[in-house]
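Close look at the chain arrangement
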Amino acid sequence: KHESNMSALVAALDSERWVQCSVSAERQAALTRLSSGRAAFSSRKTTSEAISSATPATAPSTTGNAGGREKMTDAEVEGTRYKVVWSCLLLLEMVMDDVACAAHFQTLATNVVSKVAELLRLFNARATQLVLGAGAIHSAARLKSINAKHLAIVTQCIALVLAILPHVRAALMAQLPTKQHALLYDLDKIKADYKEHSEKILSKLVSIIGGIVEHSLAPRIANTDFDARARNDSKAVSKSFDADAEVECCNFLDNVVTNTRKMHQVLLVMLPAELLRDVFSRIFAYLDHKVPSLFKSAAIAEQKSFSMPVADDGKLQMINEMNYMARTLNGLPGVQPWNFTATKILEQELDIVREEDPPPLPVAPEVEEELGEATESERGIPEGDKQTETIEISNNDEEDGQKEGSTSCSTSVDFVPVEDAKIEECADGDSPGNEHAAQKASSE
């Protein structure tokens, strides 16, 4: 039985197209029983019966009723909803079947622990190879490319397995003698492997944006003349830093915003709110570091196709465009606003000094001496009646994140769509977002 389960899971994974499938009421009921401690009452299905029900479950994912398709039903565990693929549902069905077997035949519990561990390891390893390693392009699924939507659905499957794993562990522990509880440590190692897999996927999402910015968009910095842009755009000429001004960005920055917005449009539908904030905090951290460095690298390149602005209006134009990019990205729905430092870095590079508040007028020596001798009561302030002013700062980040933003790209400039970005190899090495993966916004 176990060998047939392993073969069936491999076949399901190899033919998996990594699109959302609908969760039937029966499967949801089984998940609910397991998560509520009633795994022994799970209905048992043979592997052939489970596979025969794959056809209606593998319909492409949709978020509405457009085209006559019904809305997909998510899996739910302890109030949290997950978008899943068919092979993940098959894995969970096999695991729950094994747990029910251990509950009915306690003498087999020791053997069941190892079988469950093998199934979980197989799914994790094969999914890594097919998606992160782009093996699905050459598998039976024959995908044309691996895109952000595929990566997002895998993170949801991993999250569902991680949510179910503690309940599986508890159900097996109840059937094992105390001296054999050490066997469950294997499931703890598997949990760490799944978390590592999820972390690699998040880094790959950042590297998709990184590849677009560095390879497709960076060459567009060439021939960008901020001095000329400032002269041609009368609205951009300003004597001060206007944080709220509408600015027409250069080709490079405009496409950075467009592609990031396109990525957001895909992930907003696929990821839960917390994970969406995490991913875009990493993307923003990468852009905050990489965009100014690309400008500086282009300025010192041998081709000399780009040079930093020298006129005051040109410098202001560049800074205003950077501010506009940061403000637009922070305005995307559901993201955690990022404290962009790219503007300050470019200000230092351009030798721009912001005008500070004017210093206070000097006080005449005789007036200062007279004020120093005056008591509080003589100045009209009663003794012991000192007042402390409290300044309340309201945080509107969450309110801003909930505002409905535009998901369409209002630009006529060509861009590389993030959903078509191909992944050629597994991201085991450094990715553009790794150096900032641990950094979180202070307000989170």
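Quick caveat, the model's predicted, so the values are computed rather than measured.

Axis separation between helix 2 (residues 25-35) and helix 5 (residues 86-104) bottoms out at 11 Å; the angle between their running directions is 50°. The orientation of helix 2 relative to helix 5 falls into the category oblique. The two elements helix 2 and helix 5 meet at a crossing, and its hand is left-handed. Taking contact as the criterion, the partners of R27, A30, L31 and L34 in helix 2 are, on helix 5, W86, L89, L92, E93 and M96.

Turning our attention to the environment of L34. Checked against the element boundaries, L34 lands in helix 2. Overall, the relative accessible area of 2% leaves L34 in the buried class. Expressed as a C-alpha distance, the spacing of L34 and A171, which sit 137 residues apart in the sequence, is 8.1 Å.

What follows concerns helix 11 (residues 273-299). Here helix 11 is 27 residues long and its end C-alpha atoms lie 39 Å apart, about the 39 Å a rise of 1.5 Å per residue gives. Within helix 11, 20 of the 27 residues are buried, which leaves the element mostly enclosed by the surrounding structure.

Inspection of every chain in the model, using the stated rule, returns eleven salt bridges. One salt bridge in this structure joins R121 and D186, with 2.4 Å as the shortest N-O distance. Of this pair, R121 sits in helix 6 (residues 109-132) while D186 sits in helix 8 (residues 185-217); the two residues are 65 residues apart in sequence, bridging distant segments of the chain. Residue class for D186 comes out partly exposed when judged on its relative accessible area of 24%. The salt bridge partner of R229 is E321, with a shortest N-O separation of 2.9 Å. Linking R229 in helix 9 (residues 226-232) with E321 in helix 12 (residues 312-330), this pair joins segments that are 92 residues apart in sequence.

The next subject is the packing of aromatic side chains. Summed over the entire model, instances satisfying the criterion amount to six aromatic pairs. Each ring, one from F252 and one from F295, has its centre 5.5 Å from the other, and the planes form 90°; the classification is edge-to-face. Highlighted residues: F252 in helix 10 (residues 251-270) and F295 in helix 11, separated in sequence by 43 residues. Note on accessibility: F252 and F295 belong to one class, buried. Their ring planes at 40° and their centres at 5.7 Å tell us that F295 and F306 sit as a pair that is tilted. With F295 in helix 11 and F306 in the loop between helix 11 and helix 12, the pair connects residues that are eleven residues apart, well separated along the chain. Grouped by ring-pair contacts, the aromatic residues F226, F252, F295 and F306 constitute a single cluster.

One finds W18, V84, L120, F252, L267 and F295 to be the most contacted residues of the largest nonpolar core, which totals 119 residues. With 16 residues, the single largest contributor to this core is helix 7 (residues 148-173). Sequence-distant contacts of F252, defined by excluding residues within four places in its chain, comprise V213, L217, A218, R220, I221, V291, L294 and F295.

Now for the confidence of the model for the protein chain. Looking at the protein chain, the pLDDT average stands at 78 and 69% of residues meet or exceed 70. Averaged over each element, pLDDT in the protein chain is lowest for helix 4 (residues 54-57) (40) and highest for helix 10 (96). Low pLDDT, under 50, characterises residues 235-241; the predicted model gives this stretch twelve contacts beyond four residues in sequence or across chains. Scored below 50 in pLDDT, residues 434-444 makes 20 contacts in the model with residues more than four places away or belonging to other chains.

This next bit is on unusual backbone geometry. Positive phi outside glycine occurs at R142, with the angle close to 55°. A positive phi angle, close to 60°, is found at D351, a residue other than glycine. Summarising the element assignment, D351 is placed in the loop between helix 13 (342-349) and helix 14 (365-373). Owing to a relative accessible area of 65%, D351 belongs among the exposed residues under this scheme.

On to the state of the cysteines, then. For the structure shown, the criterion picks out zero disulfides. Considering cysteine sulfurs only, C88 is the nearest to C157, which forms no disulfide, with 4.2 Å between them. Using a relative accessible area of 1% as the deciding quantity, one classes C157 as buried. In this model C249 remains outside any disulfide bridge; the closest cysteine sulfur is found in C250, 6.6 Å from its own. Residue C249 is classed as buried on the basis of its relative accessible area, which comes to 11%.

Between helix 7 and helix 10, the least distance of the axes is 10 Å, while the angle of their chain directions is 25°. By the angle between their axes, helix 7 is roughly parallel relative to helix 10. Both helix 7 and helix 10 take part in a crossing whose hand is right-handed. Facing helix 7, whose interface residues are A148, K149, A152, I153 and Q156, helix 10 presents M263, V266, L267 and M270. Considered class by class, the residues forming the contact of helix 7 with helix 10 number seven nonpolar, one polar and one charged.

Criteria and cut-off values
Residues numbered from 1 in each chain as written. Predicted model: local features only at pLDDT ≥ 70, side-chain atom pairs only at ≥ 80, totals over all residues. Heavy atoms only, no water. Axes fitted to C-alpha atoms, helices over the stretch in contact; angles between N-to-C directions. Helix = DSSP H or I, 4+ residues; strand = E, 2+ residues; numbered from the N terminus. Parallel < 35°, antiparallel > 145°, perpendicular 65-115°, else oblique. Left-handed = near helix turned anticlockwise from the far one by under 90°. Contact = heavy atoms within 4.5 Å. Buried < 20%, exposed > 50% of the residue type's maximum accessible area, 1.4 Å probe, protein only. Expected span 1.5 Å × (residues − 1). Salt bridge = Lys/Arg side-chain N within 4 Å of Asp/Glu carboxyl O. Phe/Tyr/Trp six-rings, centres within 6.5 Å; stacked < 30°, edge-to-face > 60°. Core = buried A, V, L, I, M, F, W, Y, C linked by side-chain atoms within 4.5 Å. pLDDT = per-residue confidence, 0-100. Disulfide = S-S within 2.5 Å. Nonpolar A, V, L, I, M, F, W, Y, C, P; charged D, E, K, R; others polar.

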